[in-house]
Amino acid sequence: MRALMMAAVVLLGLVTAPEARALPDGLALTPPMGFNNWNTTGCEVDEKLIRDTADIFVSRGLKAAGYEYVNVDDCWAEPQRDAEGRLQAHKTRFPGGIKALADYVHSKGLKFGIYTSAGTVTCAKTMPGGLDHEEVDARTFADWGVDYLKYDNCNNQGRPALERYTKMRDALKKTGRPIVFSICEWGENKPWEWGAGVGHLWRTTGDIKDNWARMLQLMKQNAPLDAYAGPGRWNDPDMLEVGNGGMTTAEYRTHFALWSMMAAPLLIGADLRKVSAEHFDILRNEEIIAIDQDRKGVQAKVLSNADGKWVFAKPLANGDVAVALFNENSANATISADAREVGLPPAAGYTARDLWARRDLQTAGRISAVVGPHETALYRVKAGGDWFRHEPLVSGGLELSRPVPGVPGDLLPPGEPVEVAVRATNEARVPVFAPEVSLKAPSGWKAEPVAGPRRGLLTTGESAIGRWRLTPPPGSAGTKAVLTSEIGYWTVGFGKVTRATDSPVTVPAAPPSGRVWASDVAWAAERNGYGPVEKDLSNGGIPARDGKPLTIDGTRYAKGLGTHASAEVVFYLGGRCSEFSVDVGIDDEKEPATKLGSATFEIYADGTKAADSGLKTWADPATTLKVGLTGARYLRLVLTDGGDGVQYDRGDWASPLLTCA
């Protein structure tokens with residue numbers, strides 16, 4: 001009866017996770033921090049790389065910032081064990097042996113980590129795995145002075161995950177050496193539900209890649225699992241890509257901020273010998289690291305994420321709350337949270353420390369920012385105290401309206417005027433004076449003032465707003481541009497404050513003409529769940545042009561768009577098209593044994609849904625959709641998840657024919 005009652009409570013949503021107890025060994029009471037070579041060098045690893053990395057930890061301030069584990073991934077061993085069944089260091093890449101390498105790392109005041117797999121061979125298939133060799137391998141690692149073990153999941157012979165990982169846990173414990181145990185099971189068997197009693201951290205996702213779409217996908221998989229994390233038991237959405245070059249600096253800052261908010265392990269996956277100074281600054285931001293390493297050990301909770309505007313809140317051991325405002329979108333977004341909403345008590349005022357700018361600001365209770373595309377504003381907020389001593393928090397920047405619902409506001413068609421605003425809002429308890437706002441557009445653009453600020457003083461919650469009628473020149477079709485907004489104001493004790501912000505915008509290409517395949521038309525905007533949207537190929541993986549011929553239930557198509565949930569493709573039509581037809585379905589590029597792959601295809605003419613495929617699965621034939629587009633300025637193709645996760649949700653828009661004037 002008790003089991004039935006508990007099941008009912010879970011179904012009603014009153015319990016989010018069973019109570020989890022960490023291993024009673026006192027290890028990994030905060031998320032591990034360190035380095036792993038796999039993301040940047042793969043099997044091209046040797047003892048010089050590891051020694052150089054340990055040296056850089058010390059010389060470049062990473063050790064001082066809290067990083068301690070220097071870990072070797074796959075390919076470090078010979079293909080065969082020795083006569084006693086022990087793993088052997090690769091004679092060419094690690095001629096000095098693993099113990100000598102561990103000793104070198106230890107001599108720097110750091111710790112050493114190693115890798116193997118819970119299978120017959122490792123993932124790269126260059127060295128033996130640990131399956132059925134758990135005790136000899138654990139003893140070998142302990143003898144060498146290993147402090148951290150990443151235990152992968154490849155070539156596992158179909159043996160139960162819990163059985164395999166528990167055997168290694170027991171073998172490690174038997175050695176008597178304290179070794180942090182990282183379960184790299186990729187989230188396949190929900191390790192968050194059982195991992196706390198087996199290891200210290202567990203992968204909740206597949207492998208990360210050095211691009212925005214994959215990083216974002218892994219964040220979305222890991223974020224809902226906050227109830228399972230705590231001291232000695234951590235959700236692991238994989239390593240950091242900061243410094244590898246595949247994302248912008250703004251995106252790397254978001255990557256680092258969100259991993260820290262989620263109390264994720266911070267394992268640097270870049271070759272530190274090649275990382276730029278600005279990316280080193282991200283990795284060494286001690287105030288953000290302190291959020292990740294907070295001894296309370298709470299993973300941030302997502303408070304809201306409507307329209308790609310995310311609010312995360314993470315309570316900290318001293319009573320402060322870390323608040324992240326993350327903008328998933330391609331245009332600026334105003335994102336706000338209230339002090340009570342994030343879990344702070346009532347107070348006359350609050351201190352919101354901007355962890356990127358490293359400055360304290362005062363607020364009456366609202367934490368708000370105009371956040372740029374793919375950026376994250378990150379604050380450490382404290383109730384009461386000396387809030388009145390700090391500069392006022394004034395949020396502000398360019399605001400782009402969405403004249404067409406659902407269409408990104410950063411799309412500005414050539415020759416078409418659109419109203420934009422620059423807003424400055426006083427979030428502080430004290431007033432600010434003489435507010436000013438301005439907008440600078442590229443040469444050749446028209447920026448005609450419509451209205452200016454009418455207030456000489458802003459009290460709490462009041463805004464100064466300037467509005468402009470902005471028109472990109474007709475010859476700018478198919479280009480990108482940057483608009484610069486500036487806000488300024490006077491404050492008592494701080495004098496004149498000004499802040500300028502650049503905002504990227506896109507001028508879409510000219511509308512299509514005649515009868516044309518959509519895959520031959522330049523889209524105005526796209527987002528895709530895995531890698532880029534592909535033209536005339538299925539969505540393969542992360543790299544562009546790596547898909548296969550578009551194929552739905554055995555029927556091959558020469559033309560079309562390959563997407564992966566969740567996805568959206570936007571075309572600018574300018575009111576010149578009358579009809580769109582397409583065959584939609586889940587691509588045959590899948591693993592039928594998983595029986596995964598389901599999605600819904602939706603077509604929008606401006607803000608109106610014109611067609612919906614209903615749920616399509618990997619086993620269904622294509623469905624033909626045809627819609628009228630007369631007068632529509634935009635066509636939006638949207639692929640949503642079918643409810644079973646996004647794995648293998650490769651959605652094909654096959655033979656997508658536009659009929660235009």
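Every value quoted in this text rests on a predicted model; they were computed, and no experiment measured them.

As a further point, take unusual backbone geometry. Residue Ser566 follows Ala565 across a cis peptide bond; omega there is -5°. Phi at Asn155 takes a positive value of approximately 55°, unusual for a residue other than glycine. Within the secondary structure, Asn155 sits in the loop between strand S4 (148-152) and helix H7 (161-175). Of the residues examined, Asn155 reaches a relative accessible area of 25% and is grouped as partly exposed. Of note, Asp606 is a non-glycine position whose phi angle comes to about 55°, a positive value.

Read across the open sheet, the 4 strands follow the order S22-S20-S24-S25; overall the sheet is antiparallel. Looking at the sheet topology across the chains shown, the edges are occupied by strand S22 (457-458) and strand S25 (495-507). Inspection of the sheet shows strand S20 (residues 432-440) paired to strand S24 (residues 479-491) by 6 bridges, in the antiparallel sense. The partner of Lys440 across the bridge, within S24, is Thr484.

All right, on to the pattern of salt bridges then. Should their charged atoms come close, side chains of opposite charge can pair. Counted according to the given criterion, the structure contains 39 salt bridges. With a closest N to O distance of 2.8 Å, Lys150 and Asp73 form a salt bridge. Remark: Asp73 occurs in the loop between strand S2 (69-71) and helix H5 (98-107) and Lys150 occurs in strand S4; sequence separation between them is 77 residues. Of the two residues, Lys150 and Asp73, both sit in the buried class. Here Arg177 ties to Asp147 by a salt bridge, and the two come within 2.7 Å at their closest N and O atoms. You can see Arg177 sitting in the loop between H7 and strand S5 (180-183) and its partner Asp147 sitting in the loop between helix H6 (134-144) and S4, a full 30 residues away along the chain. Residue Asp147 is classed as buried on the basis of its relative accessible area, which comes to 10%. Bridged by salt links that share partners, the residues Asp132, Glu134, Arg159, Glu163 and Lys167 form one connected network.

Summarising burial for strand S34 (residues 598-605): 8 of the 8 residues are buried, a large majority. Side-chain alternation along S34 places Ser598, Thr600, Glu602 and Tyr604 on one buried face and Ala599, Phe601, Ile603 and Ala605 on a second face that is also buried. Bridge count for S34 against strand S37 (residues 634-641) is 7 bridges, and the pairing is antiparallel. Paired with Ala605 across the two strands is Leu635, which belongs to S37.

On to H5. Along H5, the residues that are buried comprise Ile98, Leu101, Ala102 and Val105. When H5 is viewed along its axis, its buried side chains cluster within an angular range of 100° and face the same direction. On the buried face of H5, the contacting elements are helix H3 (47-59), S2, strand S3 (111-117) and H6.

Moving on: the environment of Glu278. Summarising the element assignment, Glu278 is placed in helix H10 (residues 277-283). The sequence separation of Glu278 and Thr166 amounts to 112 residues, and the corresponding C-alpha distance is 42 Å.

Here we come to the state of the cysteines. Applying the stated criterion to the full structure yields 3 disulfides. Disulfide partner of Cys43: Cys75, at an S-S distance of 1.8 Å. Placement of the pair is Cys43 in the loop between helix H2 (38-41) and H3 and Cys75 in the loop between S2 and H5, with a sequence separation of 32 residues. On the basis of relative accessibility, which here comes to 0%, the residue Cys75 falls in the buried class. The disulfide partner of Cys123 is Cys154, and the S-S distance across this bridge is 1.9 Å. Sign of the S-S torsion, about 95° for the bond between Cys123 and Cys154, identifies this disulfide as right-handed.

In total, this model carries 15 aromatic pairs according to the counting rule given. When the ring of Tyr151 is compared with that of Phe181, the centres are 5.9 Å apart and the planes differ by 45°; the resulting orientation is tilted. In this pair, Tyr151 is assigned in strand S4 and Phe181 in strand S5, connecting sequence segments 30 residues apart. Each member of the pair, Tyr151 as well as Phe181, carries the same accessibility label: buried. Members of the aromatic cluster, each reached through a chain of ring pairs, are Tyr151, Tyr165, Phe181 and Trp194. Sitting over the ring of Tyr104, Arg51 keeps its end group 4.5 Å from the ring centre. Sitting above the plane of the Phe280 ring, Arg60 keeps its charged end 3.9 Å from the centroid.

About the cut-offs
Residues numbered from 1 in each chain as written. Predicted model: local features only at pLDDT ≥ 70, side-chain atom pairs only at ≥ 80, totals over all residues. Heavy atoms only, no water. Helix = DSSP H or I, 4+ residues; strand = E, 2+ residues; numbered from the N terminus. Buried < 20%, exposed > 50% of the residue type's maximum accessible area, 1.4 Å probe, protein only. Pairing = 2+ DSSP bridges. Salt bridge = Lys/Arg side-chain N within 4 Å of Asp/Glu carboxyl O. Arc of directions from axis to C-beta. Contact = heavy atoms within 4.5 Å. Disulfide = S-S within 2.5 Å. Phe/Tyr/Trp six-rings, centres within 6.5 Å; stacked < 30°, edge-to-face > 60°. Lys NZ or Arg CZ within 6 Å of the ring centre and 35° of its normal.

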